[in-house]
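Each chain is listed here by its residues.
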Amino acid sequence: MPFEITKEYLQELQLLIENRNDDAILQQLEDVHYADIAELIEDLENEEGLYLIKLLDSEKTAEVIAELDEDDREKILSELSSKEIAEEIDELDSDDAADIISELPEEQKEEVISHLEDVEHAKEIVELLRYDEDTAGGLMAKELVKVNENWNVLTCVKEMRAQAEEVTRVHSIYVVDDNDILKGRLSLKDLLTTSTKTAIKDVLIKQVDSVTVNEDNEEVARIMQKYDLEAIPVVDEIGRLVGRITIDDIVDVIKEEAEKDYQMAAGIVDDVEADDSIFELTKARLPWLFLGLVGGVGAFLIMEGFHDVFNKYAMLFFFTPLIAAMAGNVGVQSSAIIVQGLANDDIKGSINKRLIKEMFLALLNGFILALFLFAFVWIYKGDIRSALAISVSLIAVIVVAGIIGTFIPLFLDKRGVDPAIATGPFITTSNDIFGILIYFWIAKMILMI
């Protein structure tokens, strides 16, 4: 049964902390997963959370700190000395340790590293800190199990036992040569069913997917998703095995990318959270809001340019929101499908082919909707010319909106710009303006003949 943080449980824990009842606190948290403890700490006051961190043993504390939200972790770490942080870092895998150290102030990073007792662990962390955080090198962990192709099975098993003590989860066994060049991987079944005198080079599986240290983390996620991998080895520029990336790290990448795309689709240009300051939230939201304002002014100027049509056919004015809404909705639908396809690497073929397909799709949808709108206007107003003008305009607006919604994310992707930006106010505003312009231009052509 999943652990649930209730109001009563939280109040009981706070009371134990207030009374400094350490034995009762440790007993209560003994079987609680470190991820749940991290969630508990986020619900507690800063002083209470810090008390728990210092009370728990280093191994559990280290995992809890790694699970904390970045802001909460920053608050906790700011209350710990460099030596105390180093004691927790020593218990973590190299990738989690490097992530935490990278968040510290520059002057404190060196202090923490200097206090690490495990020299090899410290070297691995320093190496990871050199890589960009958005690359495979910045994502990988140094802990893995590797064997030499020249060993026999018996030697291999002995070495694996020694290496596995330092690895939390053994996903794969990698095979390298004398220069640490990745040669393949081992099947556990083959290892167990093969003679102990057999050379590893005779039983290794040469087909192994890998990524280089400079590979973008989104590309790593795509590869692991495509081939259903739980872990993937990372090699340097000359093919030497330097680390591995596990599925839990990729889940974090996918989550962060989804959050970023969602915010971009909503017109938020910076990565922000609800708890950020008013200034940071305003800075993230204002650019697209300003774009919406410019779009509204543009729509006003267009409508003002058709005042002669308004004077004679005032009914057109009342259908303006409908036309603008349909343009925005169709554009967002089209762009959302394309952005999703680009993210999943499902978009194949030329841009022209995709645009033609979207044009025919929009034409079909527009025709069906226009038939309904034509019948409504004709029955309600009894004016067939107005009904024709509005319905024909609707078809044209939907077709153009569909083409724009398809073309812009494809164009941005070709230029190396995140296409998720095309699913938000950018598409809505541009389609509103084009939609209103097309609407009044076609209506004028039909009605003013």
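For clarity, every value in this text was computed on a predicted model and none was experimentally measured. (Residues numbered from 1 in each chain as written. Predicted model: local features only at pLDDT ≥ 70, side-chain atom pairs only at ≥ 80, totals over all residues. Heavy atoms only, no water.)

Trainee: Explain the overall build of the chain here, please?
Mentor: Secondary structure assignment for the chain yields 22 helices and six strands. Against the globule reference of 22 Å for 449 residues, the chain gives a C-alpha radius of gyration of 30 Å, more extended than a compact globule. Projected onto the principal axes, the alpha-carbon positions of the chain cover approximately 90 × 65 × 45 Å. Per-residue burial over the chain gives 42% buried out of 449 residues. Of all intrachain contacts in the chain linking residues separated by at least 6 positions in sequence, the fraction that spans at least 24 positions is 66%. When the accessible surface of the chain is split by element, carbon and sulfur atoms take 55% of a total near 25300 Å². If you average the places of the 39 positive and of the 88 negative side-chain charges in the chain, the two averages end up 11 Å apart. (Helix = DSSP H or I, 4+ residues; strand = E, 2+ residues; numbered from the N terminus. Rg over C-alpha atoms; globule rule 2.2 N^0.38 Å. Buried < 20%, exposed > 50% of the residue type's maximum accessible area, 1.4 Å probe, protein only. Contact = heavy atoms within 4.5 Å. Areas by Shrake-Rupley, 256 points an atom, 1.4 Å probe, with all protein chains shown as cover. Lys, Arg positive; Asp, Glu negative; His and termini not counted. Charge placed at Lys NZ, Arg CZ, Asp CG, Glu CD.)

Trainee: Can you help me understand the pattern of salt bridges in this one?
Mentor: Charged atoms that come close allow side chains of opposite charge to pair. Taken as a whole, this structure holds eight salt bridges when the rule is applied. The salt bridge involving Asp 236 is made with Arg 240; its shortest N-O contact spans 2.6 Å. Since its relative accessible area comes to 8%, Asp 236 is described here as buried. (Salt bridge = Lys/Arg side-chain N within 4 Å of Asp/Glu carboxyl O.)

Trainee: Sorry, what's going on with the sheet that holds strand β2 (residues 173-176) here?
Mentor: Backbone hydrogen bonds hold the strands of a sheet together, and the pairing may be parallel or antiparallel. Reading across from one edge, β1-β2-β3 is the order of the three strands in this open sheet, with mixed pairing throughout. The open sheet is flanked by β1 (145-148) and β3 (182-186), the only strands paired with a single partner. Each neighbouring strand pair of the sheet contributes to a mean axis angle of 35 degrees, computed without reference to strand direction. As judged from the four bridges shared by β1 and β2, these two strands associate in the parallel manner. From the neighbouring strand, Val 147 faces β2, where its bridge partner is Val 175. Helix-sheet contacts for helix α12 (residues 153-164) involve β1, β2 and β3, and the interaxial angle to β1 is about 155 degrees. (Pairing = 2+ DSSP bridges. Axes fitted to C-alpha atoms, helices over the stretch in contact; angles between N-to-C directions.)

Trainee: What's the story with the sheet that holds strand β4 (residues 211-212) in this structure? I'm lost.
Mentor: Taking strand neighbours across the sheet as the criterion, the three strands line up as β4-β5-β6 in an open arrangement whose pairing is mixed. Edge positions in the open sheet fall to β4 and β6 (241-246), since each of these has one partner strand only. In the sheet, β4 pairs with strand β5 (residues 231-235) via two bridges, with the strands oriented parallel. The partner of Val 211 across the bridge, within β5, is Val 234. Packed onto the sheet, helix α14 (residues 217-226) meets β4, β5 and β6 and runs at close to 135 degrees relative to β5.

Trainee: Mind showing me how you'd approach the packing of aromatic side chains here?
Mentor: Considering all chains together, one arrives at six aromatic pairs under this definition. With a centroid separation of 5.6 Å and 25 degrees between ring planes, the pair formed by Phe 407 and Phe 411 is classed as stacked. Of this pair, Phe 407 and Phe 411 both sit in helix α21 (residues 384-414), four residues apart, roughly one helical turn. A residue is classified by how much of its surface remains accessible, and Phe 407, at 36% relative accessible area, is partly exposed. (Phe/Tyr/Trp six-rings, centres within 6.5 Å; stacked < 30°, edge-to-face > 60°.)

Trainee: Just checking my understanding: could you explain the pairing of β5 for this structure?
Mentor: Regular strands show a simple pattern: their side chains alternate between the two faces of the sheet. Most of β5 sits out of view: five of its five residues are buried. Here β5 runs beside β6; their pairing, made up of five bridges, is antiparallel. Of the residues in β6, the one forming a bridge with Val 235 is Leu 241. Following β5, the chain reverses through five residues before pairing antiparallel with β6; Gly 239 in that reversal takes a positive phi of roughly 90 degrees.

Trainee: How do you make sense of the side chain of Ser 82 when you look at a structure like this?
Mentor: Within the secondary structure, Ser 82 sits in helix α7 (residues 82-89). We classify Ser 82 as buried; its relative accessible area is 9%. With near-sequence residues (within four places) excluded, Ser 82 lies in contact with Gln 108, Glu 111, Val 112 and His 115.

Trainee: Where do I start with the pairing of β3 in this structure?
Mentor: Both β2 and β3 contribute to a ladder of four bridges, which runs antiparallel. Note that in β3 the partner of Val 175 across the bridge is Gly 184. Counted between consecutive antiparallel strands, the loop separating β2 from β3 contains five residues, among which Asp 180 sits at a positive phi close to 70 degrees.

Trainee: Please explain a nonpolar patch on the surface as it appears in this structure.
Mentor: Side chains of Phe 290, Leu 293, Val 294, Val 297, Phe 300 and Leu 301 sit close together on the surface and give an oily, nonpolar patch of about 590 Å² of accessible area. Its location among the elements puts Leu 301 in helix α16 (residues 278-305). (Patch = residues over 30% accessible without salt bridge, like charges linked within 9 Å, V, L, I, M, F, W, Y side chains within 5 Å.)

Trainee: It is not clear to me how the nonpolar core should be interpreted in this structure. Could you clarify?
Mentor: Note that soluble globular proteins tend to have their nonpolar side chains buried in a common cluster. Formed by 56 residues in total, the largest nonpolar core has its most connected members in Leu 29, Ile 89 and Ile 245. Sort the elements by how many residues they give to this core and helix α1 (residues 7-18) lands first, with five residues. (Core = buried A, V, L, I, M, F, W, Y, C linked by side-chain atoms within 4.5 Å.)

Trainee: What is the right way to look at the confidence of the model for the chain in this model?
Mentor: Detailed reading of the predicted coordinates is not advisable wherever pLDDT is low. Of all residues in the chain, 92% have pLDDT values of 70 or greater, and the mean over the chain is 84. In the model of the chain, helix α15 (residues 247-265) stands out as the element of lowest mean pLDDT, 74, in contrast to β4, which has the highest, 95. (pLDDT = per-residue confidence, 0-100.)

Trainee: Looking at this structure, how should I read the side chain of Asn 148?
Mentor: When you line up the elements, Asn 148 lands in strand β1. In contact with Asn 148, not counting residues within four places along its chain, are Val 175, Val 176, Asp 177, Asp 178 and Ile 200.

Trainee: I keep staring at unusual backbone geometry and nothing clicks. Help me out?
Mentor: Residues other than glycine predominantly adopt negative phi, and peptide bonds predominantly adopt the trans conformation. Residue Arg 20 is not a glycine yet carries a positive backbone phi of 55 degrees. In the Ramachandran plot, Asp 228 falls in the positive-phi region, its phi being about 55 degrees despite a non-glycine side chain. Along the polypeptide, Asp 228 turns up in the loop between α14 and β5. Overall, Asp 228 belongs to the exposed group, its relative accessible area being 69%.

Trainee: Before we go on, may I ask you to explain the packing of α7 against helix α9 (residues 106-115) in this structure?
Mentor: Relative orientation and spacing of two packed helices are given, respectively, by the angle between their axes and the distance between those axes. Running from N to C, α7 and α9 cross one another at 60 degrees; their axes reach a closest spacing of 8 Å. Relative to α9, the element α7 is oriented oblique. As for the relative orientation of α7 and α9, their crossing is right-handed in sense. From α7, Ser 82, Lys 83, Ile 85, Ala 86 and Ile 89 reach across to α9, where they touch Gln 108, Glu 111, Val 112 and His 115. (Parallel < 35°, antiparallel > 145°, perpendicular 65-115°, else oblique. Left-handed = near helix turned anticlockwise from the far one by under 90°.)

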